[in-house]
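# Structural features, examined
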Amino acid sequence: MSWTDRYNNQGYKNWLRVGIALLKTRDGLVDVTSQAAKELQAELKTKLGDSVNNCTCNPKKGKQCKDCEPWRQELASPNYYTGNASKIGWTNCAPSKWSKEPWEVAKVFMPGGQTADNTGPEKSDPTALLNFLVFCKYCTKYVSKVEPLKKVIEVRNKAMHSKDLTFDDHTFNNYMDNMVRLLRNPLTLAANPAAQKAADEISKIKKEEFHIGANKTCMDAEIRVLTDVMDEHTRLLKLHKEELENHGTRLDALEHSITPVEEILKTVNTLVDMVNNNPDLQCVKDQAKELSTTVQQIQDKLNKVEGRVSQLEERVAEHGEQIEVNTQLHEEISEVKEKISDVTQKLHQLDLVPSGSFSPGEDVQAFTSALVVNYSNTLTSLKPLPWNDRFCLDLDKIFTRLVLVGHQGHGDRRDFKSLDDVFDHQSTSGLPRRFNVLAVGYAGSGKSTLLSKTALDWSNKKGKLADKIVLLIRLREVQPDESIAEIVWDQCVTKSAKEISIPYITTYLQDNESNVVFLLDGYDELVPDAKGPKQAVPELLAKKWYPGCTVIVTSRPSSGIERYMAVDCQVSVMGFLSAHIDEYVPLYFQSVEKPDLAVSLVKALDTKANIVRSLIQTPMFLMLICVLWEDNPTIINFPVTMSGLYRELLTCVIKKCCVREGLLVPNDENEIPSAVSTALLHLGKLALESLLRGESLVDLGKAIASQNTDVMLNIGIVSKEVSASRLHPRKQLNFPHKSMQEFLAGRYVADRVNNFSDDLQTLVPMDTLSTVQQHGNLVQFICGHGSKGTVSSDLLAKLNDLYVAEHMSTKKMEDSIFQFAEDLGRESEDKAFKEFCMISLYEGNNPQHFPILSTLLSSLDLTIYTHSREGAALKYYLNNAPAVPEGRSLTLNVEENSVGDAVEYLSGLVEKPLPDLAVYLKVGTNDTCIGGMLDSLAPFFTNVPNMQSLNLQNAGLTPESLKALRHILPKLSKLGKLDLSHNPDIHDGEIGQQCEALESDLNNVTAVLSHLSCLEDLDLSYSKIGIDSKEPFAAIQQPVASMKLLNLSHNEIGDVCLGSLAAVLHHLPCLEDLDLSYNQIGNDGKQPFAAIQQSVASLKVLDLSDNKIGDVCLGSLAAVLHHLSCLEDLDLSYNQIGNDGKQPFAAIQQSVASLKVLNLSDNKIGDVCLGSLAAVLHHLFCLEKLDLSDNNIGNEGEETFAAIQQSVASLKVLNLSNNKIGDVSLGSLAAVLHHLPCLEELYLSDNQVGNDGRESFAAIQQPVASLKVLDLSWNKIGDVCLRSLAAVLHHLSCLGELKLAHNYIKDVKSLATTLHHAPALVTVTLDDNPVTGVGLKRFAQTICRMPTLRILYLAPQQTAHLDDPAAMSICTMLTRLPVLTHLRLQNISMPAAGFQAMSSAVEEHPTLLQLGYSSKGVPDDVSSCDKILLVVEDDDDSDDEVVSSD
């Protein structure tokens, strides 16, 4: 940094001022720390005497003596030291001086590295004094709360280790305030003169500008700060040097919290660079140079230590297996390994950057190469079955189906084949740079394989991530307190890549975070301690680390990951499609050299498809089916549950083991040899203990093995190996999959409860529903193992009790402002838990257990993917449950994996009649195509006649589907809702037949209306009805008794088609809501509504928006409105009304008794058309809201509203915004406002009011008693027009909101003098008018007391200057507005005295929350109060930017 840079760099000045303030803080704490040290020493001396004077020990060499031991014990006790006792600074002081020099006692509580020269607080740095006050319990009498102290310690740390010696303005202000708050604490330091003096000086430093080198005082201050920084780094480097020299014998020292040398190096380099480029700083050049040399020396030492550790680690790894034969030597080797691991980890925590091994550009290539080599070596092939070495899968041939579940909460659902599709979606979604993908799937669905394939593709330069850096991390291997760099070094880089170190990775990630993609596999397998506060993985997910990177993480459901991660895209890993099974089965049998078995298995699976397909869509389960077929290719009954599959697999593997070992081969699980059975149960115990610790492997260092593991290994279920981790080498038992661990653990629990009467809760603590679901597979395996004993029923009863208990506690919770969100969350959790219980019941496969959960499962809301475990469990439940309890319901959404799956699943779902089961069914999504297969569902509908809702939206319905519906619908006599929308192949020809199917004539074979007497809601939107210009609704010849809602929106309905509907509306006597929006009504210029010749008694809502209705068509509707006697809401927006210049509303000749809302916005209504409406408004005597915005009213300059000659008694809201209303037209409205006695809101914004310079409002000669809102913004109102409004304000006595912004008003005095005539005013907006400073002064001087005014906007169009008297008038005005909360005065400037007075008045105002003011209008050297919000106005009239709230 050159002198010019220093002089002009505001960030450096801010940093320098913080450094000066820290030294002032030190000065402010000198008295209090000195006094505290003296009193502390006196108290200790009274307790312990002077024997410590004889002490001869040397703390720096770790030696202690009996003379100082009592003092050490007392100082380390909680009575005095409040921190971690292992971090006490014994090396800071000389114990022999403790009874003589108080400051030597105080140094015990300070950070390491204090020198003998530190003989008092005036020679200490700020950190030393702050730590003394924080960690010495005796000091609480001086500083009762440590939080302010800790905040200043943080300021000190940030200042000392700033990489570029700069702070932005916000940080600067925050840090300065932290120091002042500490020194002004009223409970502690407020009475201390030195502290108050320091606080005053810091406040002065904050307010005053600092000029580099302006005088000797400034120069000396800068030198003091730089010297202080270098002294601090010298102390830290000394500590680092000691750590390296003593690492072999002082491991505890490595645990001290020491600033990483990497940070020191960056700061030192910045300092040296600045000193070398600034002649005026040469006085500190030698000190800076010495610092740089010391850093290099420490680097060299560390490189040597790392080399020795690496050599020792390799030697241990090389000879460890040979030594293992001897148990004693093996234990010694394990201890050495642990010590090496500890040393290595602690050394790497120093984060030293190795001396430059790479030239620019080579470092990226070296890192990439190391990753590619690792992935190529470890991911190319998979051996998923430990008992079968022959079986090897080529990862490139594995594909996993992905389904996009949701995106940013919008429920956007898509089918993807790979993660590339996910990133294609990201590029079109406008997402921020950080992209978080959560891939969720059940056990064995292929989540890990998905990430492995993604990483392998990257290493082969395939896919969308080819230009990124992909880091694959198995979260099961992550340990607590590891940094991200350590995790990457441990898992992603090969041991041979010696040049890639942890500090190198740290730097790389910082410099390239936008190019990094983290693949985090198995969040549910991350150990609990690594999920806690300040742990690396949760902080990475929460974007506290590397916010610019991309994160893709896999997890089972209910892992709780959403607490940390904002999910941009959630993906469900669904496993295999049915079409892929034929590809994967041959792959297995080719690998085991038995290709002929593939054909017979595929054939067997086809014949048993409905039985086993719920399992074989899961890749791992299909693999296990192959294992069973290889063992016995004549299987007749395949296992249908996860527990059954694993039991069969276990028996198969045990048979193979018995053959190898020469043991008696069992026929089933009950005949397992005792030695093998005992080993399996012991393995189950180890599996359970690991699961409860949150670990997905058995760490043999933690597990106390009561027997040799050889039998376990011989079975082939687990493998024993040394972990691949370099940071945590350990012996461990690995399961082929976490689900195998859960299976063995569940088997063990079932055995203990059933055979030994152990307590289930003791074995598996389950206190909450979330705890149960976190161990979901374990619970289901317990049910699957315990169907013949008590454990399954005990467990299901426990689930029921937990559900009841949590629901009872939920009902007792008080309502909160977040109640709606909480209810939604609980509803989602409730659905998931019921589904979980249903699957658990299925796994147990014991119908006698149904009564336990009968109440809990009486109401189900499920989304089922066909051929899933959930789908199989539902089928089992529906067909095996006992008598249906009253009120039992099923809300079912069926999603299919391939065409026809949904129909196939539903057709076999219910095998017996369930007449009392209320069903709410939705079939399919965008890719569902029922087509002509709907008739296959006839048996299903026959068995569930109590169908309440049938949703076939977007189901690819065809004419064949409708023919099938004609036969199905009569069976659904209780059907209340039918949704056939988004089926574009349904149009005129077929809808006619459908309407015939809704007739009640029993002589007609299609007459089914009598069987649909409960139908209330029919949705036929988005179905191209009307495209053939036929009369499809003419077929409705009999009443459709119950229909209340009919949705025909987004079709092609024109005049002909609508005419056929209008003619039969009387056959819909209960119809309340008819939606005809987004059609072609009016396209032929006919009178389609004329066909309404009889009363449509119940219609309340008629939506005709977004059509082509013109004057002729509207006339036909107006003439028959009296037939719609209950109509309350008529929407005619976005049409062509007024296009012919006619008077269509004149046809209203009778009262329209119930109409309350009439929306005519966005049409072409001009003066002529409006006149016809105004003349008949009295016929709409219940009308409350009339919207005429965005039309052409006023286009001919006539007195349009003069036609209102009778009272429109109920009108409350009249919207006339965005028209062409000028003075003439407004005058005609003003003259008849008294005919609108209930009018509360009048919107006239975006018009031409004021265009002729007339006194338009003078026509208001009678009270408009109810008007509360008058919006006149964005017009051409000038002073003349405003005066006419001010003169009639007394007629608007209830006015609460007056908007006059964006007009031509210059003189606002006339308004100010009359505002009191509207005593209820709450809001007045006058901003963006050409008001001058004089005008503002007059307004402020003349405004009367306004007891209700809360919001006042006075920002003028151009900058207005107020002199001091004018500014004082603002202050006076504030006293007349006692409840004002918001005042806007942008574009105003005033002198310093006036601004200061206004600021004080704002601060003292009892209710004012915020005053908006231009930042450019603030006088120099004047501070504003907290309530003033400073705003930057851009020159291009763009939105204002808030820059601060001082």
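A brief structural summary. Predicted model, so just to flag it, every value in this text is computed and none were measured.

## Topic: the pattern of salt bridges
- Scanning the entire structure with this criterion turns up 22 salt bridges.
- Its salt-bridge partner being Glu 74, residue Lys 47 comes within 3.4 Å of it at the nearest N-O pair. With Lys 47 in helix α2 (residues 10-48) and Glu 74 in helix α3 (residues 69-76), the pair connects residues that are 27 residues apart, well separated along the chain.
- According to the relative accessible area criterion, Lys 47 is partly exposed, its value standing at 48%.
- A salt bridge links Asp 521 to Arg 474; the nearest nitrogen and oxygen atoms lie 3.0 Å apart. Of this pair, Asp 521 sits in strand β7 (residues 516-521) while Arg 474 sits in strand β6 (residues 469-474), placing them 47 residues apart in sequence.

## Some remarks on the environment of Ile 205
- As for its placement among the helices and strands, Ile 205 is situated in helix α8 (residues 193-207).
- Along the sequence, Ile 205 and Met 176 sit 29 residues apart, while their C-alpha atoms lie 8.9 Å from each other.
- If we ignore the near neighbours within four places in the chain, the residues touching Ile 205 are Arg 17, Ile 20, Lys 24 and Met 176.

## Quick notes on unusual backbone geometry
- Unlike most non-glycine residues, Lys 543 shows phi in positive territory, near 70 degrees.
- Position of Lys 543 among the secondary structure elements: in the loop between α18 (536-541) and β8 (550-555).
- A positive phi angle, near 55 degrees, is found at Tyr 1022, a position not held by glycine.
- Mapped onto the elements of the fold, Tyr 1022 is located in the loop between β18 (1017-1019) and β19 (1045-1047).

## With respect to the nonpolar core
- Counting residues in hydrophobic clusters, the biggest one holds 274 residues, and the most contacted among them are Leu 874, Leu 921 and Tyr 1413.
- The contacts of Leu 921, once residues within four sequence positions are left out, are Leu 892, Val 894, Leu 906, Phe 940, Phe 941, Met 947, Ser 949, Leu 950 and Asn 951.
- Val 134, Tyr 142, Val 155 and Leu 165 belong to the second-largest nonpolar core, a separate cluster that totals 71 residues.

## Some thoughts on the packing of helix α44 (residues 1364-1375) against helix α45 (residues 1392-1404)
- The interhelical angle for the contact between α44 and α45, taken along N-to-C directions, is 5 degrees, at an axis separation of 8 Å. The angle between α44 and α45 falls in the class roughly parallel. Counting all contacts with α44, which are made through Asp 1364, Ala 1367, Met 1368, Ile 1370, Cys 1371 and Leu 1374, the residues of α45 involved are Ala 1393, Gly 1394, Ala 1397, Met 1398, Ala 1401 and Val 1402.
- Of the residues that constitute the contact of α44 with α45, the class distribution is 10 nonpolar, 1 polar and 1 charged.

## Things to note about the side chain of Ser 1369
- Relative to the elements of secondary structure, Ser 1369 occurs in helix α44.
- Note on Ser 1369: relative accessible area 5%, which makes it buried.
- Excluding residues within four positions of it along the chain, Ser 1369 makes contact with Lys 1337, Ala 1340 and Gln 1341.

## Some words on helix α5 (residues 126-135)
- Judged by how many residues are buried, α5 sits mostly within the fold: 9 of 10 residues are covered.
- Within α5, the full set of buried residues consists of Pro 126, Thr 127, Ala 128, Leu 129, Leu 130, Asn 131, Phe 132, Leu 133 and Val 134.
- Sitting at the amino-terminal end of α5 is Asp 125, which places a side-chain oxygen 2.9 Å from the backbone nitrogen of Thr 127.

Analysis parameters
Residues numbered from 1 in each chain as written. Predicted model: local features only at pLDDT ≥ 70, side-chain atom pairs only at ≥ 80, totals over all residues. Heavy atoms only, no water. Salt bridge = Lys/Arg side-chain N within 4 Å of Asp/Glu carboxyl O. Helix = DSSP H or I, 4+ residues; strand = E, 2+ residues; numbered from the N terminus. Buried < 20%, exposed > 50% of the residue type's maximum accessible area, 1.4 Å probe, protein only. Contact = heavy atoms within 4.5 Å. Core = buried A, V, L, I, M, F, W, Y, C linked by side-chain atoms within 4.5 Å. Axes fitted to C-alpha atoms, helices over the stretch in contact; angles between N-to-C directions. Parallel < 35°, antiparallel > 145°, perpendicular 65-115°, else oblique. Nonpolar A, V, L, I, M, F, W, Y, C, P; charged D, E, K, R; others polar. Polar contact = N/O pair within 3.5 Å; in protein donor to acceptor, adjacent residues only side chain to side chain.

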